[in-house]
Amino acid sequence: MSHLSERPEKPAVGVSMPHESATLHVTGAALYTDDLVFRTKDVLHAYPVQVMKAHGRITALRTEPALAVPGVVKVLTVADVPGVNDAGMKHDEPLFPEEVMFHGHAVAWVLGETLEAARIGAAAVEVELEEKPSLLTLKEAIAAESFHGARPVMVTGDVEAGFADAAHVFSGEFQFAGQEHFYLETHAALAHVDENEQVFVQSSTQHPSETQEIVAHVLGLHSHEVTVQCLRMGGGFGGKEMQPHGFAAIAALGAKLTGRPVRLRLNRTQDLTMSGKRHGFHAEWKIGFDADGRIRALDATLTGDGGWSLDLSEPVVARALCHIDNTYWIPNARVAGRIAKTNSVSNTAFRGFGGPQGMLVIEDILGRCAPLLGLDPMELRERNFYGPDQTTPYGQPVNHPERVSVTWEQVKQDGGIADRRREIAAFNAAHPHTKRALALTGIKFGISFNLTAFNQGGALVLIYKDGSVLINHGGTEMGQGLHTKMLQVAATTLGIPLHKVRLAPTRTDKVPNTSATAASSGADLNGGAIKNACEQLRERLLQVAASQLGTNASDVRIVEGVARGLGSDRELAWDDLVRTAYFQRVQLSAAGYYRTEGLHWDAKTFRGSPFKYFAYGAAATEVEVDGFTGAYRIRRVDIVHDVGDSLSPMIDIGQVEGGFVQGAGWLTLEDLRWDTGDGPNRGRLLTQAASTYKLPSFSEMPEEFHVHLLENATEEGAVYGSKAVGEPPLMLAFSVREALRQAAAAFGPAGTSVDLASPATPEAVYWAVEKARSGDGTDAPVDGRARGGSRIPVGSTALSHA
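**Q** Go over helix H3 (residues 115-124), please, and point to the residues and values.
**A** The set of residues buried in H3 consists of Ala117, Ala118, Gly121, Ala122 and Ala124. Buried residues of H3, seen end-on, are gathered within an arc of 155° and therefore sit on one face of the element. Looking at the packing, one finds that the buried side of H3 touches strand S1 (44-51), helix H2 (64-67), strand S3 (72-76), strand S5 (105-112) and strand S6 (126-131).

**Q** Talk me through the nonpolar core; I want residue IDs and the actual numbers.
**A** Residues Ile287, Phe289, Leu302, Ile639, Phe660 and Leu740 are the most contacted members of the largest nonpolar core, which totals 105 residues. Among the elements that line this core, the one with the most residues is strand S27 (residues 613-626), at 9 residues. With sequence-adjacent residues up to four places away left out, Ile287 is seen in contact with Phe163, His168, Val169, Phe170, Ile295, Ala297, Leu298, Ile362, Ile365 and Cys369. Counting 50 residues, the second largest nonpolar core, distinct from the first, contains Val13, Val469, Leu542 and Leu588.

**Q** Would you mind going over the layout of surface pockets in detail, with residue names and values included?
**A** Empty space within the second largest pocket amounts to approximately 880 Å³. Listed by contribution, the elements that provide at least two residues to the lining of the second largest pocket are helix H4 (138-143), strand S8 (168-176) and helix H19 (762-774). Residue composition of the lining of the second largest pocket, by class: 13 nonpolar, 12 polar and 8 charged.

**Q** Let's hear about the sheet that holds strand S24 (residues 589-595): which residues, and what values?
**A** The strands making up a sheet associate through backbone hydrogen bonding, with each pair oriented either parallel or antiparallel. With mixed pairing, the 4 strands of this open sheet are ordered in space as S19-S18-S17-S24. Looking at which strands have only one partner, the edges of the open sheet turn out to be strand S19 (501-503) and S24. Between one strand and the next, the sheet's axes are offset by a mean angle of 25°, whatever the strand orientation. Helix H15 (residues 522-549) contacts strand S17 (456-463), strand S18 (469-473) and S24 of the sheet and is inclined by roughly 140° relative to S24.

**Q** Account for the sheet that holds strand S23 (residues 571-573), with residues named and values stated.
**A** Strand order in the open sheet made by the 3 strands is S21-S22-S23, with antiparallel pairing throughout. Single-partner strands in this sheet number two, and they are strand S21 (556-559) and S23. Adjacent strand axes in the sheet meet at a mean angle of 20°, parallel and antiparallel pairs treated alike. The sheet contacts of H15 involve S21, strand S22 (562-565) and S23, and relative to S21 the element is tilted by about 115°.

**Q** Help me get a handle on the pattern of salt bridges, residues and values and all.
**A** Taken as a whole and judged by the stated rule, the model has 57 salt bridges. Among the salt bridges present, the one from Lys256 reaches Glu197, with a minimum N-O distance of 3.2 Å. With Lys256 in helix H7 (residues 244-258) and Glu197 in the loop between strand S9 (188-193) and strand S10 (199-203), this pair connects stretches of sequence that are 59 residues apart. Its relative accessible area of 28% is what places Lys256 among the partly exposed residues. Exposure remark for Glu197: the relative accessible area of 45% places this residue in the partly exposed category. As a salt-bridge pair, Arg595 and Glu597 come within 3.4 Å of each other at their nearest N and O atoms. A relative accessible area of 44% places Glu597 in the partly exposed class.

**Q** Can you break down the pairing of strand S13 (residues 281-289) residue by residue, with the values?
**A** Within a regular beta strand, the side chains point alternately toward one face of the sheet and then the other, so they alternate between its two faces. Most of S13 sits out of view: 7 of its 9 residues are buried. As paired strands, S8 and S13 are joined by 9 bridges and run antiparallel to one another. Bridged to Phe174 within S13 is Ala283. Bridging between S13 and strand S14 (residues 295-307) involves 9 bridges; their strand directions are antiparallel. Pairing of Phe289 across the sheet is with Ile295, part of S14. Hairpin connection from S13 to S14: 5 residues lie between these consecutive antiparallel strands, with Gly293 at a positive phi of about 85°.

**Q** Any details on the confidence of the model for the protein chain? Residues and values, ideally.
**A** Where the model shows low pLDDT, its predicted coordinates should not be examined in detail. On average, residues of the protein chain score 95 in pLDDT, and 97% of them are at 70 or above. Taken together, the stretch residues 779-798 has pLDDT below 50 and engages in 59 contacts with residues farther than four places along the chain or on a different chain.

**Q** Tell me what's going on with unusual backbone geometry, and back it up with residues and numbers.
**A** Ser758 connects to Pro759 through a cis peptide bond whose omega is 10°. When you line up the elements, Pro759 lands in the loop between helix H18 (734-745) and H19. At Phe237, a residue that is not glycine, the phi angle is positive and equals roughly 60°. Among the secondary structure elements, Phe237 is positioned in the loop between strand S11 (226-230) and H7. A positive phi is found at His400, a non-glycine position, where the angle reads about 50°. Mapped onto the elements of the fold, His400 is located in the loop between helix H11 (377-383) and helix H12 (402-414). Under the relative-accessibility criterion, His400 is labelled partly exposed at 29%.

**Q** Describe empty space enclosed by the protein, naming the residues involved and giving the relevant values.
**A** Using the criterion set out here, one finds 6 cavities of 30 Å³ or more in the structure. Reported here for the largest cavity is a volume of approximately 330 Å³. Surrounding the largest cavity, 21 residues form its lining, Ala87, Glu93, Phe247, Met274 and Trp308 being those nearest its centre. In terms of residue count, the dominant contributor to the lining of the largest cavity is H7 (4 residues). Across the lining of the largest cavity, the residue classes break down as 12 nonpolar, 7 polar and 2 charged. The space that makes up the second largest cavity amounts to roughly 80 Å³.

Criteria and cut-off values
- Residues numbered from 1 in each chain as written.
- Predicted model: local features only at pLDDT ≥ 70, side-chain atom pairs only at ≥ 80, totals over all residues.
- Heavy atoms only, no water.
- Buried < 20%, exposed > 50% of the residue type's maximum accessible area, 1.4 Å probe, protein only.
- Helix = DSSP H or I, 4+ residues; strand = E, 2+ residues; numbered from the N terminus.
- Arc of directions from axis to C-beta.
- Contact = heavy atoms within 4.5 Å.
- Core = buried A, V, L, I, M, F, W, Y, C linked by side-chain atoms within 4.5 Å.
- 1 Å grid on protein atoms, 1.4 Å probe; cavity = no way out; pocket = protein on both sides within 12 Å on 5 of 7 lines; lining within 4 Å.
- Points joined across faces, edges and corners; volume = space filled by probe spheres on them.
- Nonpolar A, V, L, I, M, F, W, Y, C, P; charged D, E, K, R; others polar.
- Pairing = 2+ DSSP bridges.
- Axes fitted to C-alpha atoms, helices over the stretch in contact; angles between N-to-C directions.
- Salt bridge = Lys/Arg side-chain N within 4 Å of Asp/Glu carboxyl O.
- pLDDT = per-residue confidence, 0-100.

Structure representation (structure tokens):
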């Protein structure tokens with residue numbers, strides 16, 4: 001076992017414990033960024049001047065009417081920017097734009113004594129616009145060849161030869177929607193400037209170091225003149241990885257110019273209309289199978305909707321390409337990626353970061369092709385699982401491929417799948433207007449940032465004379481339980497009880513140059529850094545303890561706050577040990593650092609090993625569909641998920657449950673709609689509130705929900721043998737969509753192939769049921785070569801035999 005993964009005697013990790021702020025959350029005592037306004041004097045409030053057109057050049061911007069509004073202090077425009085007028089890392093996101101690029105684009109900000117004064121002032125600003133044509137949908141952008149950013153291509157094997165050898169070849173297209181983050185806390189920032197002109201920003205951000213960098217370059221300052229702190233976030237899901245920076249910069253600019261604290265908090269409608277979402281995708285594909293249903297070749301083009309600027313679209317599309325294989329070996333593949341430039345909000349990171357989009361494509365292909373191959377979907381998936389010594393299409397060996405089958409078989413066994421499928425068949429035979437189905441899908445998700453440089457973390461650990469410990473690390477807490485795990489890692493490494501350790505808020509002046517809390521890497525990177533810092537301190541203290549106990553340092557163990565020598569009855573309490581170390585002038589603070597080893601990636605050739613390891617899992621979902629309305633309910637879910645040796649089992653199970661439900665929301669409920677007509681409201685987001693954007697709630701929870709963590713799954717080379725848990729469980733929800741597909745097909749004749757829109761809303765399921773009943777989803781010959789180019793369009797998807 002590696003040094004990093006080995007656990008000491010009686011560790012604090014692996015113990016189920018509640019979230020470290022759980023009591024504060026449920027009592028309302030937990031403070032978020034905007035709560036700090038009430039503890040700050042003379043705060044000004046910022047309000048955006050939004051232009052409600054999809055595209056146009058600003059020909060005039062008159063701020064004088066706003067300044068005449070009582071309570072308005074200042075209107076921020078491009079003329080006020082002392083540094084770089086840009087809110088992004090790609091320098092393609094003007095903080096104050098000259099051209100409106102989407103409906104609701106903010107072109108100026110009003111500062112007022114009250115929020116109401118700022119709102120009225122913003123309404124008074126006069127903007128004249130020369131309207132321009134706009135592209136709103138992926139299909140419009142593709143037709144106009146409106147693309148931006150890199151266009152990677154992933155190639156493995158000989159694709160033409162693979163298709164030539166294939167017994168069955170199918171082709172089709174698939175377009176599926178994005179997703180709104182809908183974090184409970186909207187974007188917020190609070191900035192002030194102290195007597196030394198130091199800028200301090202409280203921000204609801206997943207990436208404080210990058211927020212610091214953007215604020216500095218907007219203000220024309222160096223990073224050491226800006227400090228960013230994040231107490232906690234009321235949700236993030238990737239939406240606060242890149243997009244908080246501009247809002248923090250507005251608050252900081254206002255504070256710098258007025259000398260007063262400035263608060264910026266978007267209301268829900270502003271947040272929905274101004275911030276990016278999960279990338280919707282369009283996929284064109286062609287796939288070949290041998291006579292036994294094994295994949296021989298895949299040729300696909302994935303187009304992500306980037307919106308008006310690049311943001312994180314390039315790495316999102318890259319990760320989609322890296323995950324199109326999911327759990328399946330594809331010996332010959334050519335997959336191209338591109339980013340559509342549209343007049344909509346700039347789409348951004350969202351839990352899974354392109355991985356779900358890539359994986360959804362292959363799962364949709366297999367779900368549609370299985371009936372045409374005369375195979376049960378479960379059997380088709382099993383036949384294509386990764387085996388020993390096989391590599392991904394981008395050249396990375398798949399470690400622990402057996403866990404694909406292990407999690408799969410455990411779900412089949414624990415969920416009684418065989419018996420339940422027989423019961424479902426009997427139920428369907430007896431109920432012509434209601435059908436049930438059970439689908440099983442698996443996941444293989446790579447853990448690490450695509451950009452190798454981001455795979456590093458830092459920490460600062462302080463031990464005080466009384467034996468208490470304060471830890472600082474670069475990760476942010478958005479409800480996912482990272483801080484809880486870090487407390488457990490510190491206590492385990494030092495060998496002390498958890499109550500001895502406290503955690504400080506994340507700040508850029510404590511731990512510099514941190515990576516975003518994203519890519520499911522928070523526990524790996526920051527846990528490794530905290531472990532490193534604590535090990536430095538422990539080694540120093542072991543020397544002190546050895547001198548007091550009369551033994552060698554290598555023979556001293558610190559367990560539950562007591563130092564003992566091997567084979568001796570003598571012991572030294574932690575508090576006494578620390579006090580002794582202080583008087584011996586032993587340093588009681590340490591900066592820790594961790595970098596993920598073994599990563600290499602060539603973005604140009606799209607080859608390498610970008611991931612430290614893969615997380616695996618499997619989920620079985622049973623659904624029931626009403627044939628009259630398309631309404632459905634999730635009857636039961638069984639999940640087995642691989643988190644290695646869990647750092648905190650209660651936290652991890654909560655993440656699996658939450659990720660699954662959020663994934664089910666994306667795939668079945670959450671339907672983003674824009675006005676795509678040519679009228680005056682073209683480009684307006686129509687789903688601007690929870691009243692029009694359907695979120696999963698208690699009523700969508702499975703009636704039975706069984707989650708098990710895979711046992712005996714130590715991950716060598718990861719902190720205390722654990723694995724990341726934040727993103728992978730979201731993709732377990734593919735089983736919901738596949739179960740709905742199979743239930744819809746059950747209304748038609750045997751062998752019906754169902755095309756199902758995504759999100760698979762009750763309306764979409766209803767139309768799939770109607771197609772199945774009419775027989776439009778059947779394609780009789782199993783051998784695709786026996787047919788011409790018959791095409792079956794359903795909504796935004798289509799399938800044909802080649």
